[in-house]
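Below, each chain spelled out in residue letters.
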Amino acid sequence: MIRALHEQLKAQEITALSLAEKHLGVIDEKDSEIGAFLTVTAEEALSSAARVDEKIARGEAIDLLEGIPGAIKDNMCAEGIRTTAASKMLDSYIAPFDATVVSNLKQSGATILGKTNMDEFAMGSSTESSAYGKTKNPIDPTRVPGGSSGGSAAAVASGEAVFALGSDTGGSIRQPASFCGIVGLKPTYGRVSRSGLIAMASSLDQIGPFATTVEDAAIVFSRIAGYDPKDVTTTQSNDKRFENYLSGDMSGLRIGIPKEYFSENLDKRVLSVMEKAIERLESLGAILVDISLPYTEYALPAYYIIMPSEVSSNLARFDGIRYGLHVDDRKERMDGNGTLLETYLDSRAYGFGEEVKRRIMLGTYALSAGYYDAYYKKAQAVRELIRQDFSEAFKKVDVIFSPTAPEPAFPFGDKTQDLLKMYLSDIYTVTANLAGIPAISFPIGTVLEKGTSLPVGGQLMGKWFDEETVLRAAHAYETDK
Ligand code: GLN
């Protein structure tokens with residue numbers, strides 16, 4: 001889709017301004033129902049699009065992403081724009097600078113339509129923990145769009161945006177991509193700068209694109225990837241243009257099928273979609289290899305120790321004094337008797353939602369003296385074993401194929417009373433974050449439920465910094481008709 005729009009822009013069959021207006025029109029028409037956006041930046045979008053048109057009129061060459069309308073998850077800072085991470089804690093926060101990914105998009109000339117809804121501080125699998133209301137799944141509005149980047153996924157799936165950025169700490173790009181029937185890429189840890197991303201769990205967080213095709217995801221990814229002096233975990237990508245590696249061919253590619261990802265948690269209908277997809281991979285010339293990743297069963301428990309520990313540390317700064325909402329309304333304090341501790345407590349009690357508080361408490365407990373060795377250190381040791389599982393597997397195969405999520409999009413309220421069920425949504429995605437490897441979710445079929453075809457995503461995981469192969473395989477699958 002991006003390439004076609006680019007050709008039309010170059011040939012002056014459309015203007016960037018009309019394209020921006022068209023998408024702002026779709027947002028106007030649909031977003032009161034879908035709820036993908038928290039902030040629409042119409043004015044900025046239109047003036048940026050107008051600059052692209054001037055460039056075209058002057059006969060200058062434009063980049064593939066120039067003038068293409070996209071959206072950004074609301075945990076990425078954009079200068080002068082409200083940035084809330086869907087939390088009351090940041091209700092009135094106007095970011096004073098651009099996250100590196102946002103400045104990269106601006107440099108590429110992309111048209112930024114606005115900021116999208118999400119689970120509060122990216123904690124959740126359904127976008128239901130947002131302080132600002134629901135985002136509906138555009139395929140079936142009675143269902144969740146997935147999470148935590150549900151707004152970004154819904155914006156793309158509804159046609160409001162051509163692409164969007166999300167963040168993925170345990171599956172928050174891939175699972176909503178799967179639920180909304182689109183493509184979502186979580187890059188290798190360190191491939192994309194996290195500078196200006198409001199941190200959830202710093203050793204797991206990674207920013208990546210949503211799009212309707214693998215090629216579009218590759219185009220966006222290429223423009224946000226690379227070394228950033230503001231994030232010491234990033235590495236050079238030598239301005240690689242990943243869209244140039246999509247040969248459409250996967251013959252001879254060795255694809256591992258990990259038996260642990262086909263456990264009893266997997267919905268039977270998703271299993272049968274997976275079986276068909278595996279046959280198709282084989283018919284495209286891939287060599288299927290049965291593999292085992294024996295530590296998979298410990299991934300979710302390790303994730304739910306490491307992630308909240310980092311959460312408790314990262315969110316300590318929001319205390320009403322240094323950062324975030326300041327609540328100062330206790331009667332005693334009005335009388336001049338309030339303490340600083342009360343300000344901290346009140347600000348955090350009022351500013352954070354339930355799920356965020358739950359994770360801060362879990363993490364603080366896991367890191368406390370006496371429990372640190374039993375929980376956090378143990379979980380880190382398990383994390384290393386999971387990483388080694390992948391290292392071993394990648395000696396035998398080039399990529400690994402699995403379901404993205406155990407089931408299709410679920411109805412609102414389905415899992416909010418039983419959080420363990422909510423956490424199980426991440427069972428197939430957290431491993432890639434723990435190991436730091438790249439992984440993509442792309443549509444592989446649908447299951448029929450009450451007359452609606454619900455999308456199912458397949459996940460391809462690759463070697464560290466080998467996004468080329470992951471993208472090439474997903475693209476070959478997608479373009480085979
Ligand atoms: N759903 C997972 C969680 O709740 C993943 C979140 C994410 O990737 N940001 O932690």
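Residues numbered from 1 in each chain as written. Predicted model: local features only at pLDDT ≥ 70, side-chain atom pairs only at ≥ 80, totals over all residues. Heavy atoms only, no water.

A. The pattern of salt bridges, seen in detail. Counted by the stated rule, this structure contains 30 salt bridges. D74 is paired through a salt bridge with K115; the nearest N and O atoms lie 3.0 Å apart. With D74 in the loop between β2 (69–73) and α4 (100–108) and K115 in strand β3 (residues 111–116), this residue pair connects regions lying 41 residues apart in the sequence. Put simply, R254 and D398 hold a salt bridge, and the shortest N to O gap is 3.1 Å. Residue R254 is located in strand β7 (residues 254–258), and its partner D398 is located in the loop between α13 (373–396) and β9 (399–403); the two are separated by 144 residues in the primary sequence. (Salt bridge = Lys/Arg side-chain N within 4 Å of Asp/Glu carboxyl O. Helix = DSSP H or I, 4+ residues; strand = E, 2+ residues; numbered from the N terminus.)

B. Just the environment of T127, in detail. Counting through the fold element by element, T127 comes out in the loop between β3 and α5 (150–157). Apart from the residues lying within four places of it in its own chain, the contact partners of T127 are N117, M118, D119, G133, T135, P145, G146, G147, S148, S149, G150 and G151. (Contact = heavy atoms within 4.5 Å.)

C. Focus on a nonpolar patch on the surface. Where nonpolar side chains cluster on the molecular surface, the patch consists of Y365, Y371 and Y375 and spans about 290 Å² of accessible area. Turning to its location among the elements, Y375 is positioned in helix α13. (Patch = residues over 30% accessible without salt bridge, like charges linked within 9 Å, V, L, I, M, F, W, Y side chains within 5 Å. Areas by Shrake-Rupley, 256 points an atom, 1.4 Å probe, with all protein chains shown as cover.)

D. Main features of the pairing of strand β5 (residues 183–186). Neither face of β5 is left uncovered, since the one carrying V183 and L185 and the one carrying G184 and K186 both have all their residues buried. Of the strand pairs in this sheet, β5 and strand β6 (residues 206–211) are connected by two bridges, and their pairing is antiparallel. Among the inter-strand pairings, V183 is bridged to a residue of β6, identified as A211. (Buried < 20%, exposed > 50% of the residue type's maximum accessible area, 1.4 Å probe, protein only. Pairing = 2+ DSSP bridges.)

E. Fine view of the packing of aromatic side chains. Under the defined criterion, the tally for this structure stands at 18 aromatic pairs. Considering the side-chain rings of F221 and F242, the 4.6 Å spacing of their centres and the 40 degrees angle between planes classify their relative orientation as tilted. Pair noted here: F221 is in helix α7 (residues 214–224) and F242 is in the loop between α7 and β7, with a separation of 21 residues, a long-range link. Pairing F390 with F394 gives two aromatic rings, centres 6.2 Å apart and planes at 25 degrees, and the pair type is stacked. Here F390 and its partner F394 are both found in helix α13, four residues apart, which amounts to about one turn of the helix. A network of ring pairs unites the aromatic residues F121, F318, Y323 and F352 as a single cluster. In this structure, K88 packs its charged tip against the face of Y350, placed 4.3 Å from the ring centre. (Phe/Tyr/Trp six-rings, centres within 6.5 Å; stacked < 30°, edge-to-face > 60°. Lys NZ or Arg CZ within 6 Å of the ring centre and 35° of its normal.)

F. Structural detail: the site of the ligand. Within the structure, the ligand sits among 16 residues, and T169, G170, S172, Y303 and R359 are positioned closest to it. The separation between a nitrogen atom of the ligand and a polar side-chain atom of S148 is 3.4 Å. In the model, an oxygen atom of the ligand is placed 2.7 Å from a nitrogen or oxygen of the G170 main chain. Burial of the ligand by the protein amounts to 100% of the accessible area it has alone, namely 290 Å². Partitioning the shell around the ligand into residue classes produces six nonpolar, seven polar and three charged. (Near = heavy atom within 4 Å. Polar contact = N/O pair within 3.5 Å; in protein donor to acceptor, adjacent residues only side chain to side chain. Nonpolar A, V, L, I, M, F, W, Y, C, P; charged D, E, K, R; others polar.)

G. Highlighting the sheet that holds β9. Taken together, 11 strands build an open sheet; the order of strands is β1-β3-β2-β4-β6-β5-β10-β11-β9-β7-β8 and the sheet is mixed. Edge positions in the sheet fall to β1 (37–40) and β8 (287–291), since each has one partner strand and no second. If you compare each strand with its neighbour and ignore which way they point, the axes differ by 30 degrees on average. Both β5 and strand β10 (residues 439–449) contribute to a ladder of three bridges, which runs antiparallel. Bridging from a neighbouring strand, L185 pairs with I440 of β10. (Axes fitted to C-alpha atoms, helices over the stretch in contact; angles between N-to-C directions.)

H. Representation of the nonpolar core. Core analysis: the largest hydrophobic core is formed by 122 residues, its most contacted members being F121, F390, F401 and I440. Per-element tally for this core: the top contributor is helix α9 (residues 299–314), with eight residues. Leave out the neighbours within four places in its chain, and I440 touches R174, V183, G184, L185, V214, G458, Q459, L460, V470, L471 and A474. If you look at the next biggest cluster of nonpolar residues, it comprises 19 residues, including L24, A36, A164 and A177. (Core = buried A, V, L, I, M, F, W, Y, C linked by side-chain atoms within 4.5 Å.)

I. Structural view of helix α1 (residues 2–10). Those residues of α1 not exposed but buried are I2, L5, H6 and L9. Seen along its axis, α1 keeps its buried residues to an arc of 105 degrees; they face one direction. Where the residues of α1 are buried, they touch α2 (16–34), α3 (42–57) and α7. Count one or two residues on from α1 and you reach Q12, which has phi positive near 60 degrees. (Arc of directions from axis to C-beta.)

J. How the structure looks around unusual backbone geometry. With an omega of 10 degrees, the peptide bond running from G147 to S148 counts as cis. Looking at the secondary structure, you find S148 in the loop between β3 and α5. Of note in the backbone geometry, A86 takes a positive phi value of approximately 55 degrees without being a glycine. Tracing the backbone through its elements, the reader meets A86 in the loop between β2 and α4. Positive phi, normally seen in glycine, also occurs at K450, with a value near 45 degrees. For K450, the position within the fold is in the loop between β10 and β11 (452–462). Taking the relative accessible area as the measure of exposure, K450 reaches 77% and is therefore exposed.

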